[in-house]
Amino acid sequence: MEHKTDKELTAEIVCSFINAWGTQHNCIPVKQDQLPSLIKEVYETVHSLGNKSNN
C-alpha cells in the first residue's frame, strides 16, 4: 500500500472541508481570497503530523 503525500492528503481534506461547509444552512461560501491560507494551514498541519510520527 502506497502512502499518500502531504499534498494529496491536503487536497482531500480541503475538498472535504469545502463540501461539508457548503452543506450548512445559512453558510457563507469560502471566499477565494481565503482559500490559499486554508490550504497552507492544512498542509502545514498534515506535514507536522508526519514529522512527529517519524521521531
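Residues numbered from 1 in each chain as written. Predicted model: local features only at pLDDT ≥ 70, side-chain atom pairs only at ≥ 80, totals over all residues. Heavy atoms only, no water.

Chemist: Is there a simple way to think about the overall build of the protein chain in this case?
Modeler: Counting its secondary structure elements, the protein chain contains two helices and zero strands. The globule rule puts the C-alpha radius of gyration for 55 residues at 10 Å, and the 13 Å found for the protein chain is more than 25% above it. Once the C-alpha set of the protein chain is aligned to its principal axes, its extents read approximately 45 × 25 × 15 Å. When the 55 residues of the protein chain are sorted by exposure, 9% land in the buried category. Counting every atom, the protein chain has about 4,900 Å² of accessible surface; 57% of that belongs to carbon and sulfur. Looking at the protein chain, you have 5 positive and 7 negative side-chain charges, and the mean spots of the two groups are 5 Å apart. (Helix = DSSP H or I, 4+ residues; strand = E, 2+ residues; numbered from the N terminus. Rg over C-alpha atoms; globule rule 2.2 N^0.38 Å. Buried < 20%, exposed > 50% of the residue type's maximum accessible area, 1.4 Å probe, protein only. Areas by Shrake-Rupley, 256 points an atom, 1.4 Å probe, with all protein chains shown as cover. Lys, Arg positive; Asp, Glu negative; His and termini not counted. Charge placed at Lys NZ, Arg CZ, Asp CG, Glu CD.)

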